[in-house]
Amino acid sequence: MKKGHVLKPVKKAVFPVGGMGTRFLPATKAVPKEMLPVVDRPLLQYAVDEALAAGIEQMIFVTGRGKAALEDYFDVAAELENLLRARGKEVELRVLEGTRLSPGSIAYVRQQEPAGLGHAVWCARHITGDEPFAVLLPDELLWNPTDPCLAQMVRARNEVGGTVIAVMEVPEKETHRYGIVDPGASHGALTEVKGFVEKPKPGTAPSRLAAVGRYLIEPECMALLAEGRRGAGGEIQLTDALAQLIGRQPFHAYTYSGARFDCGDKAGHVTANIALALARPDIGPAVRAWLDANVR
Ligand code: UTP
């Protein structure tokens, strides 16, 4: 980063939760994908906790049709809490308290049609204003309880400024499902980005470094999203708008260290449940015993 340049801290996070979740039908007919639990917490809670750990103060949820459960989730459930109090259920009360966000720190924006991730992010433009912001896709569960992904990225951004996207290596045969980075020089976990392409056709990916749903973005991206250009799948892609910033400002991929579960995918979701259950002292032994007895 240039000497004398003052980097604005990232205090706002956008959670695009307006997708249809077709891979999880029929469950997502009535339950938003982001509310599907991993063990006992909705996916969205993991993403919010990750944002809080990175110093985010304002959470912006870009919701859509059928996502009311998500808005209710962050309300204080007064009746439920009174009942728990009356019955002396202190542990459960503390669980609920742990999910409470400070008043005024949540904003909801509607995405009127699921026109793509880029479109969802653009819907938050009046709230992000001229500040840098984070984007977290809650169906990507990035699990590192000691040093969560977004906090790792914020530290990296403090060194280099500009755009930072979290990446992990994926198998060659899966690159067509992701935003893939064309890498330049690497310094530790940071890699300069020379190009960024959404869902490259099989055999054309510039690397195996795939975006895994965490971004630190400069406000200039919103003007590019406003152009409304359609990309892969006929959707307005965040990747395409970000790619236009390459060369205009620092742009790095950050190789996240920790576990990743693609919970928008059934196998990823089941795997996340097993992995996180095994790590829990209360239910881990029972799950392990079942696996030992039934899984070779
Ligand atoms: P996905 O590609 O997983 O799409 O979106 P989806 O609709 O949620 O799920 P499938 O593929 O039909 O099963 C990645 C992220 O972008 C959000 C989703 O909510 C998810 O967090 N998204 C996607 C939006 O908010 N709006 C959109 O128009 C598209």
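See the structure above.
Residues numbered from 1 in each chain as written. Predicted model: local features only at pLDDT ≥ 70, side-chain atom pairs only at ≥ 80, totals over all residues. Heavy atoms only, no water.

Enquirer: Before we move on, could you go through the packing of aromatic side chains and cite the residues and values that matter?
Expert: Scanning the model with the defined rule gives six aromatic pairs in all. Both rings, one in Tyr 46 and one in Trp 143, keep their centres 5.9 Å apart while their planes meet at 80°; by these two values the pair is edge-to-face. With Tyr 46 in helix α1 (residues 43-53) and Trp 143 in strand β7 (residues 140-143), this pair connects stretches of sequence that are 97 residues apart. By relative accessible area, Tyr 46 is classed as buried at 10%. (Phe/Tyr/Trp six-rings, centres within 6.5 Å; stacked < 30°, edge-to-face > 60°. Helix = DSSP H or I, 4+ residues; strand = E, 2+ residues; numbered from the N terminus. Buried < 20%, exposed > 50% of the residue type's maximum accessible area, 1.4 Å probe, protein only.)

Enquirer: Can you tell me about the side chain of Thr 63, naming the residues and giving the values?
Expert: Within the fold, Thr 63 resides in strand β4 (residues 58-63). Excluding its chain neighbours within four sequence positions, the residues that come into contact with Thr 63 are Val 17, Gly 18, Leu 70, Glu 71, Tyr 108, Val 109, Arg 110 and Gln 111. (Contact = heavy atoms within 4.5 Å.)

Enquirer: Can you tell me about the side chain of Glu 34, naming the residues and giving the values?
Expert: With respect to the element layout, Glu 34 can be found in the loop between β1 (12-16) and β2 (37-38). Glu 34 has contacts with Pro 16, Val 17, Pro 42, Leu 43, Leu 44, Lys 67, Leu 70 and Pro 138, leaving out every residue within four places of it along the chain.

Enquirer: Which residues make up the nonpolar core, and what values do they have?
Expert: The biggest cluster of nonpolar side chains holds 34 residues, and the ones touching the most others in it are Phe 15, Phe 61 and Leu 150. If you list the elements that add at least two residues to this core, you get β1, α1, β4, β6 (133-136), α7 (149-160), β8 (163-169) and β11 (209-217). The dominant element in this core, judged by the number of residues it contributes, is α7, at seven residues. Leaving out residues up to four positions away in the same chain, Phe 15 has contacts with Leu 44, Ala 47, Val 48, Ala 51, Met 59, Ile 60, Phe 61, Val 62, Leu 136 and Pro 138. Among the nonpolar cores identified, the runner-up in size contains 32 residues, and Phe 133, Ile 165, Ile 236 and Ile 246 belong to it. (Core = buried A, V, L, I, M, F, W, Y, C linked by side-chain atoms within 4.5 Å.)

Enquirer: So what's going on with the environment of Arg 41? Residues and values would help.
Expert: Within the fold, Arg 41 resides in strand β3 (residues 41-42). For the pair Arg 41 and Thr 99, spaced 58 residues apart in sequence, the C-alpha separation works out to 9.6 Å. With residues up to four places along the chain from it excluded, the contact list for Arg 41 reads Leu 36, Tyr 46 and Asp 49. One polar contact links Arg 41 to Asp 49, side chain to side chain, over a distance of 2.3 Å. (Polar contact = N/O pair within 3.5 Å; in protein donor to acceptor, adjacent residues only side chain to side chain.)

Enquirer: Let's hear about the site of the ligand: which residues, and what values?
Expert: Around the ligand sit 18 residues, and of these Met 20, Thr 22, Arg 23, Lys 33 and Gln 111 come closest. Contacts to the ligand include Lys 33, whose side-chain N or O atom sits 2.7 Å from an oxygen atom. Here Gln 111 contributes a side-chain N or O atom positioned 2.8 Å from a nitrogen atom of the ligand. Coverage of the ligand by the protein amounts to 83% of the 560 Å² it exposes when considered alone. Of the pockets mapped on this structure, the ligand occupies the largest pocket. In terms of residue class, the shell around the ligand is built from eight nonpolar, six polar and four charged. (Near = heavy atom within 4 Å. Areas by Shrake-Rupley, 256 points an atom, 1.4 Å probe, with all protein chains shown as cover. 1 Å grid on protein atoms, 1.4 Å probe; cavity = no way out; pocket = protein on both sides within 12 Å on 5 of 7 lines; lining within 4 Å. Sits in = over half its atoms within 2 Å of the grid points. Nonpolar A, V, L, I, M, F, W, Y, C, P; charged D, E, K, R; others polar.)

Enquirer: Describe the pattern of salt bridges, with residues and values.
Expert: A complete count under the given rule lists 20 salt bridges for this structure. A salt bridge links Arg 280 to Asp 40; the nearest nitrogen and oxygen atoms lie 3.1 Å apart. Of this pair, Arg 280 sits in the loop between α10 (266-278) and α11 (284-294) while Asp 40 sits in the loop between β2 and β3, and the two are 240 residues apart along the sequence. What makes Asp 40 partly exposed here is its relative accessible area of 48%. For Glu 71, the salt bridge is made with Arg 110, and the minimal N-O distance between the two is 3.9 Å. On the criterion of sequence distance, the pair formed by Glu 71 in helix α2 (residues 68-73) and Arg 110 in strand β5 (residues 106-110) is long-range, its members being 39 residues apart. Salt bridges sharing common partners tie together Asp 40, Arg 280 and Asp 282. (Salt bridge = Lys/Arg side-chain N within 4 Å of Asp/Glu carboxyl O.)

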